[in-house]
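A look at the structure
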There are 2 protein chains.
Amino acid sequence: MFSWRYRCGGRDVGPLTSPRWQCPDTAGALELDGPNDVALTDAGHTTIARYAALLPVDPARFETLGAGMTPLLPAVIAGRNVFLKLDSLLPSGSFKDRGAAVAVAHLAACGVERVIVDSSGNAAAAMAAYCAANRIGCVVYAPASASAAKLVQARAYGATVIPVDGSREAVAEAAQTAAEGDPQAFYASHNWSPVFAEGVKTWAIETWEQLGRTSPDTVFVPTGGGSALAGAQRGFTATAEMPRIVAAQPAACAPLVDALVRGLDVVPAAVPGHTLAEGARISDPPRGAMLLEAVRASRGWGIAVTEAELRDALRELWAQGVYVEPTAALGAAAFARAVREETELGDGAQVVLVTGTGLKATEAVTTLLNG
Amino acid sequence: MFSWRYRCGGRDVGPLTSPRWQCPDTAGALELDGPNDVALTDAGHTTIARYAALLPVDPARFETLGAGMTPLLPAVIAGRNVFLKLDSLLPSGSFKDRGAAVAVAHLAACGVERVIVDSSGNAAAAMAAYCAANRIGCVVYAPASASAAKLVQARAYGATVIPVDGSREAVAEAAQTAAEGDPQAFYASHNWSPVFAEGVKTWAIETWEQLGRTSPDTVFVPTGGGSALAGAQRGFTATAEMPRIVAAQPAACAPLVDALVRGLDVVPAAVPGHTLAEGARISDPPRGAMLLEAVRASRGWGIAVTEAELRDALRELWAQGVYVEPTAALGAAAFARAVREETELGDGAQVVLVTGTGLKATEAVTTLLNG
C-alpha cells in the first residue's frame, strides 16, 4: 500500500505512510496515485478483498466484514429494464462500508489509534463497524439534534458518540479540533478522504464483473458529498471503459447539478431546502470541481429530483421487494426521469446504484406510508 | 417442481401442485420428497438460483431478490476461531428470506393470489418482500400489541397488516379463518411449511461450498420454530456429509433442548419466560419430533442459553463489527458455552448461523446500551 502517493492538482505531495485529509498548502482536496487496473483482481475472494491489489491496503490485514459482490438485481423502473446495484445489503447497511473498510485499514496501518468522524448517519455506522473490525477506537461527533436511534448502531460497534450543539459546520469543527489535540487520533472525513473514495470504487468494478466484464451504458448515482460518484469515476477507470455518469441530487439541494447545467468549473454552495433525501443534503461538497470534471469527462449529466419523483421511486422500489431509505432512491428517481423525458439511453446496461437500506429509516418510511 | 411429492410419516400424500400446510388426516407436519443433491448445483448463478434444481421451484420463474452467498466470516468467539454465516445480510434482513423466496415461488406457481401469514417480525417482512417480487398479495395478521415500527417494512412492500387482539394463538386462528374463507388465498405458516424449510436449506449448502465443499464439524443454530434447524438437516443431507447440529434456544423458552436432555421423542410445550431472544420465544414448535430426530441423527445436542450469556454474545459480535439482533446471537452464545465447558469440538470448521440484523432491533439495542 505504501507505493501509493498523494497528489494535489497533479503535483506529488508524498507517500501514504502518514494520514492526510487535505492538501498541505492549499487546503484543497487530495487525489491518489496508485495501481488501478482490473487485471490485478484476485478472483479467489468473493469480498472486496478481490480488489486488494488495486487499493491502498495491506492484503494480509484487510478486514472486509464480508463486504462485496452485492447483488446486481434486474428490475423494471418506469417501464424500462434496469439493474439495481444493491449496496443497501452491505454489512452496516450502506455503500459507505466500501469506503470505510479501506479508509480504516489505511489509518490502522499508519498507526492511528482513534478515528474521529463527524456524521449522524451512514458514515458514522460504517466507520464504527470497520474501526471495530480493526480493533481501533472510534469517536463520532454528531449534531445534538440527531436522532438517538440513528446513532445506536455506531454505539453498538463500540464508538463513543459526542453530541455537539449548533450547525453541521460546528460539529465538523469540533471533530477537527478534537483530532488536532490528540496525537494518536485522526480526523477521517469521508467527504474529503481520497482513500475512502478509492474503496467506494469497488462498486463500479463489481458491476463491470457482474455484467460479464462490460461497463454499463449509463450509471445513475445518488450524489451528496460525492463519494459514490468519485468511486464510480475511479472504478470505471480501472475497467478502462467509462459509462456515462449521471449525478442524481434532490432538487432541494443540488449544487453539483446546478453547476453542470450552468456550465461552471466550480460548485457554488447551495442553500439547502427540505428533502426526504437527508443523506444528500450537503450544500457545499468538498470535491466539487473534481466531481464536475468526472461527470463531464464521462459524457454524463445531472438530474435534480423533485420530492414527488423521489416518493414515486421509493414506492416503485418497495413494491418490487427492494427496501431502501429515501436518499437511496435518488438514482432510481433520476432514471425514471430520463425514461419519461425520452433521453436517449444506449443499448448497454442501465445501472442504478442503491446506496442504503430502508431499515435505517423507519420513521421516514412510517410517515410516508401514513401520509 | 411438480415432480416433488408431499409425505406424512413416510406415506406419499400427493404432488405439490396444490398448496398444503398440514398432513390431510392427522394435522401433523408435512415432509417433502424431491431431488436433493449438490451435484445439481448450477454454478452460473451466485444467488440461491444456483440451487433451483434442488428446490420445488420453476427455475425460469424464481425471484430471489439477490438472496444468496451471504458471507462466511472468520471470527473469534470466546477465544476460539469460528465462522459466522451472516444471513443477517439477506435482502429483508433475516435468514427467513431463503424460505420465503421458495415458499412464495411455490404458492405463485400453484395459482395462489394472496398469501396470508401470522407474524409480527422477520417472517412477515420476508414473506411480504417475496410476495412483492412475485406480484401477489400479502396479508399479515399481527398481534395488536406488536410494535408498529416492526411492521412498517412489510407495509412498505405492499402487505396489508391486520391487527388482532388477544394471544399469539388467536392471531394464528384469525389468519387461518381468513384463508379458509378466501378461495384465492392460502395460509402460509413458515413454521409448518415444508417448502419454506426446503428454501432455508440453502444456508447449509452455501456454507459447504464456502468451506471448499466440506461440511463443518459442528453448526450452532438459533432455534425457535425450527426452520433454520430443519433447513440445516435438509441442506447437509444434500451435501452427503452431516455436521453435528446444535440447537441453541433461550433458557426462558427451550422446549426442544429440554426434550433432548430428557431423552423424549416428542417436545412438550414450554411455559415461556421473558427473553431478549423474542424470535425464539415459541413454546410449542409444530415440527418438534422431526427436529429432535434431526439433532440426534447428527450426533448433535441442545444448549439453553441464559440471558446473561446472550448479552455477552451480542456484545462480542457487535464489538467485532457484526451488528445482529438479540435472537441472532443465540448461536454465538451456545458456541461460547461449548468453548467454556470444554466440549470436544472436532478439527473441522465450527459454524455459527447469524439469523437477523441488528437494524431491526433498535429499541432492544438502545435498552442494552443504556442499561
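Being a predicted model, the structure only gives us computed values, none of them experimental. (Residues numbered from 1 in each chain as written. Chains lettered and ligands numbered in written order. Predicted model: local features only at pLDDT ≥ 70, side-chain atom pairs only at ≥ 80, totals over all residues. Heavy atoms only, no water.)

1. Brief notes about the confidence of the model for chain A
Residue-level pLDDT values for chain A average 95, and 99% of them are 70 or greater. On the interface metric, ipTM, the complex scores 0.96, and its pTM is 0.97. (pLDDT = per-residue confidence, 0-100.)

2. Observations concerning the sheet that holds strand E5 (residues 80-86) of chain A
All names here are of chain A. Taken in spatial order, the 6 strands of this open sheet run E4-E5-E13-E10-E11-E12, and their pairing is mixed. The open sheet terminates on both sides in strands that have one partner only, identified here as strand E4 (72-77) and strand E12 (301-305). Put simply, the sheet's adjacent strands are angled 30 degrees from each other on average, direction ignored. Across 5 bridges, strand E10 (residues 218-222) lies against strand E11 (residues 244-250) in parallel orientation. Following the sheet pairing, Val219 is matched in E11 by Ile245. Docked against the sheet, helix H10 (residues 307-318) engages E4, E5, E11 and E12, running at close to 90 degrees with respect to E12. Relative to the sheet, helix H11 (residues 330-340) contacts E4, E5, E10, E11, E12 and strand E13 (350-354), its axis offset from that of E12 by approximately 105 degrees. (Pairing = 2+ DSSP bridges. Helix = DSSP H or I, 4+ residues; strand = E, 2+ residues; numbered from the N terminus. Axes fitted to C-alpha atoms, helices over the stretch in contact; angles between N-to-C directions. Contact = heavy atoms within 4.5 Å.)

3. Regarding the pattern of salt bridges
Residues and elements named next belong to chain A. This structure, assessed with the given rule, holds 30 salt bridges over all chains. A salt bridge links Arg98 to Glu206; its shortest N-O distance comes to 2.9 Å. Linking Arg98 in helix H1 (residues 96-109) with Glu206 in helix H6 (residues 202-210), this pair joins segments that are 108 residues apart in sequence. Owing to a relative accessible area of 0%, Arg98 belongs among the buried residues under this scheme. Under the relative-accessibility criterion, Glu206 is labelled buried at 1%. In this structure, Glu198 engages Arg234 in a salt bridge whose closest nitrogen and oxygen atoms are separated by 2.8 Å. Here Glu198, found in helix H5 (residues 194-200), pairs with Arg234, found in helix H7 (residues 227-239); they are 36 residues apart in sequence, far enough to count as distant. Residue class for Glu198 comes out buried when judged on its relative accessible area of 2%. Look at the salt bridges and you will find they share partners, linking Lys85, Asp87, Arg98 and Glu206 into a network. (Salt bridge = Lys/Arg side-chain N within 4 Å of Asp/Glu carboxyl O. Buried < 20%, exposed > 50% of the residue type's maximum accessible area, 1.4 Å probe, protein only.)

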